[in-house]
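# Residue-level structure breakdown
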Amino acid sequence: MSAKWNNSAAAATRTSIIPAVIVEPPAEGNGHALHAPVLVLNTSYEPINVCAARRAIVLVLKGVAMTEEENGHFLHAARLAIRVPSVIRLLEYRRIPHQTRALSRKNILLRDRNTCQYCCELLPSGELTLDHVIPRSRGGASTWENLVACCHPCNRRKGNHFPMEAGMKLMREPRAFNLHTSRHIMRLIGRSDDKWRKYLFY
Ligand SMILES: [Zn+2]
C-alpha cells in the first residue's frame, strides 16, 4: 500500500500539483493536520527525528522518504487527496551525528525536562534559569556537563559555591544531549500516537 502511495506521489510530482498542496492548506479545515508531528525513521527503521506533517509530505512527494504509517487524515488539494503520514522512512541511509545539538538554554531545559536539578521541581521555562555547577567565577565552563536547569531560589541559595559547599545535591550528573535523550523526547511527543510505539518502544 505504501509503495502504491509512493507511485502516486511520484506521479503527483510530475504533474506539479505540489505547490498548491504546500501553499494552500485544505479548505476542509484540516489545516492543523499540517502541523501534526511525524516520526522520521532512517532507512534502517531507527527513529532519528520528528518533523511537522507538512515537511513529511514534502519529503514523500520529493521521493526522499516513504510513508510507513498514516495518521488517518487526508489533505485535500485541488485534484488530489493526500493521506497525511504519521511515520515516514528515508529511502537513503543518513548518518546522523547524535551529539550535534546546539548548546542552548532551550536544549538544556529540554534535556533536564524543565526540572530544577537541585530541588526536583518541574517548572515552566520562564521560572527556570541555568546554573553553572562549577561556578564561572571559579573556572566553570559553559558546557553540557556544567550547565543545569535550576529554579531561582536554588540558584540564589547556591550562589558562587560548589553544590557540596552549599549543601545541595544534583538529581543526576549532567550529560551532553545524546541519542537516549533524543529518543526520550520523541517518546514524549509520540505518546499519544499508537503508530509510533513499535518504532520507539522496544
Ligand atoms: Zn530548585
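Residues numbered from 1 in each chain as written. Predicted model: local features only at pLDDT ≥ 70, side-chain atom pairs only at ≥ 80, totals over all residues.

## Thoughts on the environment of Glu-70
Definition in use: In DSSP terms, a helix is any run of H or I states spanning at least four residues, a strand is any run of E spanning at least two, and both are numbered starting from the N terminus. Working definition of a contact: two residues with C-beta atoms, positioned from the backbone, lying within 7 Å.
Position of Glu-70 among the secondary structure elements: in strand 3 (residues 65-77). Remark: the alpha-carbon pair of Glu-70 and Lys-195, spanning 125 residues in sequence, is separated by 8.3 Å. Excluding residues that lie within four positions of it along the chain, Glu-70 makes contacts with Arg-83, Val-84, Pro-85 and Ser-86.

## Some details on the nonpolar core
Cut-off, in case you're wondering: Only buried residues count toward a nonpolar core: Ala, Val, Leu, Ile, Met, Phe, Trp, Tyr and Cys, linked into one set through C-beta atoms within 7 Å. To sort residues by burial, count the other C-beta atoms lying within 10 Å of each one's C-beta; a count of 20 or more means buried, 12 or fewer means exposed, and anything in between means partly exposed. C-beta atoms are built from the backbone.
Ranked by internal contacts, the top residues of the largest apolar core, which has 20 residues, are Val-38, Leu-39, Ala-56, Ile-57, Val-60 and Ile-88. Breaking this core down by element, the ones donating at least two residues are strand 1 (37-41), helix 3 (53-61), strand 3 and strand 4 (80-90). If you tally residues by element for this core, the top one is helix 3, at six residues. Counting 11 residues, the second largest nonpolar core, distinct from the first, contains Leu-128, Val-148, Ala-149 and Cys-154.

## As for helix 3
Among the residues of helix 3, those classed as buried are Ala-53, Ala-56, Ile-57, Leu-59, Val-60 and Leu-61. Gly-63 sits one or two residues past helix 3 and shows a positive phi near 80°.

## Here we look at the sheet that holds strand 4
Filter applied, for reference: In this scheme, strands are said to pair when DSSP sees at least two bridges between them. Here, axes are lines fitted to C-alpha atoms. For helices the fit covers the stretch in contact, and angles between N-to-C directions go from 0 to 180 degrees.
Reading across from one edge, 2-1-4-3 is the order of the four strands in this open sheet, with mixed pairing throughout. With partners counted over all chains shown, the strands left at the sheet margins are strand 2 (47-52) and strand 3, one partner each. Going across the sheet, the axis of each strand differs from the next one's by a mean of 35°, ignoring polarity. Sheet analysis places strand 3 next to strand 4, joined by nine bridges and oriented antiparallel. Across the sheet, the residue bridging to His-76 is Ala-81, located in strand 4.

## A few points about the confidence of the model for the protein
The criterion, for reference: pLDDT is defined as a per-residue confidence score from the predictor, taking values between 0 and 100.
Across the protein, pLDDT averages 79, with 76% of residues at or above 70. Counting interchain partners and residues more than four positions distant, the pLDDT-below-50 stretch residues 1-29 has 36 contacts.

## Here we look at the pairing of strand 2
Where strand 1 meets strand 2, five bridges bridge the pair, whose relative direction is antiparallel. When the sheet's bridge partners are listed, Val-38 is paired in strand 2 with Cys-51.

## What to know about unusual backbone geometry
A positive phi is found at Tyr-45, a non-glycine position, where the angle reads about 75°. With a phi close to 55°, Asn-114 is a non-glycine residue in the positive phi region. Mapping Asn-114 onto the fold places it in the loop between helix 4 (105-111) and strand 5 (128-132). For Asn-114, a count of 15 C-beta atoms within 10 Å puts it in the partly exposed group.

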